[in-house]
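# Chain and residue survey
The chain contents come next:
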Amino acid sequence: MTLTQTRNRSEPLAPARSRHVPAGEVLGWALTAVLVVLIGVPLVFVLLQAVFPGIGLTTTWGFQPELLGEIADRPLWQRSLSNSLVLAFGSMLLGGSLGFSLALLRHSVRFPGARLLDGAAWVLLVSPSFILAQGWVMFASPSGVAANSLGMPWVADLVFTPGGLIVVMSLTQYPLAYLAVSAALHWDDANYRHAAALSGARGWTIMRTIRMPLLAPAALSGAVLVFVDVIGDFGLPAALSASYNFPTLPYSIYASVRQSPVRFELAGVLSLYLVLILAVAIIAYMRLLRRGRFDFLTGQSSTVATPVAKHPRLWSGVTVLVLILTLGLPLSSSLQVSLSQSISGGLTPENFTLEHYAAFLDPGSGMRLLEGAGNSLMIAVAVAILTTVLGFLIGVVLTFTSFRGRMVIDVAGTVALAIPGIVLAVGYIFVWNQPVLSDLGIGLYGQPVLLVLAGVATAVPIAVRLQLGALAQIPVSFLHSAALAGVPLLSRLRTILVPLLAPALLSALVAIFASSVFDLAASTMLAPPDFATLPVEILLEYDRGHYGSATAGAIVTAAVVVTLAGISTALGRRLIRSQQNRTGTP
């Protein structure tokens, strides 16, 4: 749902001919202020730090544009930039092609196990990238599972290269392209293919000249999403830091702020580079789309009816191979390491142990994994509740009001989706570390509440997008009637929209909770030293070589998250059905 699709909706949130400011305007301005604080100000401060180093943080800050050219004198920056670009472009091409091919296969023919491709895509999408990357490192490292359990030491030479990392990132991030193309394949107009067949065109020719060009926007969108996600990813370089020297822009930003000597201005310059690359990618994508017309649906279009595959066993085998490569290798490696006394011991009964799980659950073990898991779960609950409410209110303003600042709200949500978490976290440091805020008693840097605010800023676009579709299905007349009857705004939202949107609200709540627990970027940059969080503690144990404890902590917490998400979903659906039965809502 986009802003243009909601533009024709009228203003149902305020009674007609009211002398007061319409309720939709008040709500719109309040939400604009919230988004400016959460997203706008931190992003502006990141960009300003590149030319005004130390702005507000020191008394000697000033205009220093020469910092922008400092990359010419810093080999590490040059290498970080080239590594990021190579990794992102390579993953865009390979991951985009893989996602496009699998989506085309999934929606062109029927074969046993086809739906597993959908499941694998969603599991990969919600899995923390650094957990998957750690799984790959433990599988492929010279002393890892492949060398000790499978007798394949040569795997390390394949994976720990730029080309190998591109393959790993492509296998991890291809779901973005897969889901984008899958959505475009939902509808089809067979007349085009029938006309080509009557002209003598065969299957591959029809695919190459008709179907693939029509899917170009979706394929391009998916590839750009892979590029944006990979170039801003902090999980892979964080997982690789102990095994393979492959600096990227996100890791250099992290090192500028978290390693001695601290150089905030350098983090600002690198963040500016990253934001500019993302801006260029998105602008190029938009210009390519505007060069041609891709609207092809007609009144005779229908949902795609897939025929049975001619070689179903072949495609089922391809599906199993995809599952093994994308999920089986990294996750099974992590599980094996968590249950082994040592990686070099291999898959033997003598090497089996539960000591890593016992150490994770023992507060006296000296590790802070359990404490970090508890703190991360509490933060995730707060982030999920606040973000779901904020996303609901933003969706209401975008869908049902004529608020003049809707474009700002829509753009803020879209921009936040593209900004890497590491850049947003740096912006939070620049803003909330300002001495003037400390003088006013609102300096939040070094306090856990900043983790909640950063988590909300990161998750807002997801919450809005998950609810906009459901909001678009609600007739405006429902709110018009209540507004004309003088029902207050909050009562209209609570009694009309919330019951109708309950499933979408529940989905947003669970999805944000599950994704917030393992938010590595915000936790690494913003967590106070005395406040343990699970992603940071996992990374610390991993860097210390305690792979079993790190993976045991991740597996137990992931199981807790899945269990809580399942219980909350079941309870939520039960409450929704009970409410609908009581009120007669369909």
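What this report covers is the structure whose coordinates are included nearby. This is a predicted model, so every value here is computed, not measured.

Looking now at the pattern of salt bridges. The final tally for this structure, using the stated rule, is five salt bridges. As a salt-bridge pair, Arg544 and Glu541 come within 2.8 Å of each other at their nearest N and O atoms. The buried category is assigned to Glu541, whose relative accessible area is 2%.

Bringing the packing of helix α22 (residues 476–484) against helix α23 (residues 489–516) into the picture now. Running from N to C, α22 and α23 point in directions that differ by 165°, and their axes come no closer than 10 Å. Classified by the interaxial angle, the pair formed by α22 and α23 is roughly antiparallel. Viewed along their axes, α22 and α23 form a crossing whose handedness is right-handed. Each of Phe478, Leu479, Ala482 and Ala483 in α22 lies in contact with α23, whose residues at this interface are Arg492, Ile496, Leu497 and Leu500. Among the residues forming the contact of α22 with α23, the class breakdown is seven nonpolar, no polar and one charged.

On to the environment of Ser338. Mapping Ser338 onto the fold places it in helix α15 (residues 312–338). Distance from Ser338 to Val556, taken between C-alpha atoms, is 10 Å for residues 218 residues apart in sequence.

The next subject is the nonpolar core. Nonpolar side chains in soluble globular proteins tend to end up buried together. Among the nonpolar cores identified, the biggest contains 149 residues, and Ile394, Tyr428, Leu497, Met525, Leu526 and Ile538 are the most heavily contacted of them. Among the elements that make up this core, the one with the highest residue count is helix α17 (residues 369–400) (15 residues). If you look at the next biggest cluster of nonpolar residues, it comprises 23 residues, including Ala103, Leu104, Met207 and Leu327.

So, about the side chain of Glu25. Summarising the element assignment, Glu25 is placed in helix α2 (residues 23–49). Once residues lying within four places of it in the same chain are set aside, the contact partners of Glu25 are Ser402, Phe403 and Arg404.

What follows deals with a nonpolar patch on the surface. A cluster of nonpolar side chains, namely Trp122, Leu125 and Val126, defines an oily patch on the protein surface of about 310 Å² accessible area. Inspection of the secondary structure assignment puts Val126 in helix α4 (residues 115–126). Residue classification places Val126 among the exposed residues on the basis of a relative accessible area of 55%.

In this section: the packing of aromatic side chains. Throughout the structure, instances matching the rule amount to ten aromatic pairs. On the basis of an interplanar angle of 45° and a centroid distance of 5.4 Å, the ring pair of Tyr251 and Tyr254 is categorised as tilted. Within this pair, Tyr251 and its partner Tyr254 are both found in helix α13 (residues 249–258), separated by three residues, close to a single helical turn. Look at Tyr542 and Tyr547: their rings are 5.1 Å apart centre to centre, the planes differ by 65°, and that puts the pair in the edge-to-face class. Judged by its relative accessible area of 1%, Tyr542 is buried. In this arrangement the basic side chain of Arg74 is found over the ring face of Trp77, its NZ or CZ atom lying 5.0 Å from the centre.

For an α-helix the count is 3.6 residues per turn, leaving residues at separations of three or four pointing the same way. The end-to-end C-alpha distance of α23 is 31 Å, clearly below the 40 Å that 28 residues give at a rise of 1.5 Å each. Where α23 bends most, the angle comes to about 65°, and this point is Ala502, followed within four residues by the proline Pro503.

Turning our eyes to something else, we now look at the packing of α2 against α17. One way to put it is that α2 packs onto α17 with a least axis distance of 10 Å and a crossing angle of 130°. What the angle tells us is that α2 and α17 run oblique. Viewed along their axes, α2 and α17 form a crossing whose handedness is left-handed. Residues Leu27, Gly28, Leu31, Val34, Leu35 and Leu38 of α2 form the contact with α17, whose participating residues are Leu390, Leu393, Ile394 and Val397. For the contact of α2 with α17, a count of residues per class yields nine nonpolar, one polar and no charged.

Parameters and conventions
- Residues numbered from 1 in each chain as written.
- Predicted model: local features only at pLDDT ≥ 70, side-chain atom pairs only at ≥ 80, totals over all residues.
- Heavy atoms only, no water.
- Salt bridge = Lys/Arg side-chain N within 4 Å of Asp/Glu carboxyl O.
- Buried < 20%, exposed > 50% of the residue type's maximum accessible area, 1.4 Å probe, protein only.
- Axes fitted to C-alpha atoms, helices over the stretch in contact; angles between N-to-C directions.
- Helix = DSSP H or I, 4+ residues; strand = E, 2+ residues; numbered from the N terminus.
- Parallel < 35°, antiparallel > 145°, perpendicular 65-115°, else oblique.
- Left-handed = near helix turned anticlockwise from the far one by under 90°.
- Contact = heavy atoms within 4.5 Å.
- Nonpolar A, V, L, I, M, F, W, Y, C, P; charged D, E, K, R; others polar.
- Core = buried A, V, L, I, M, F, W, Y, C linked by side-chain atoms within 4.5 Å.
- Patch = residues over 30% accessible without salt bridge, like charges linked within 9 Å, V, L, I, M, F, W, Y side chains within 5 Å.
- Areas by Shrake-Rupley, 256 points an atom, 1.4 Å probe, with all protein chains shown as cover.
- Phe/Tyr/Trp six-rings, centres within 6.5 Å; stacked < 30°, edge-to-face > 60°.
- Lys NZ or Arg CZ within 6 Å of the ring centre and 35° of its normal.
- Expected span 1.5 Å × (residues − 1).
- Bend = angle between axes of the 7 residues up to and from the residue.

The values are spatial; any link to function lies outside them.
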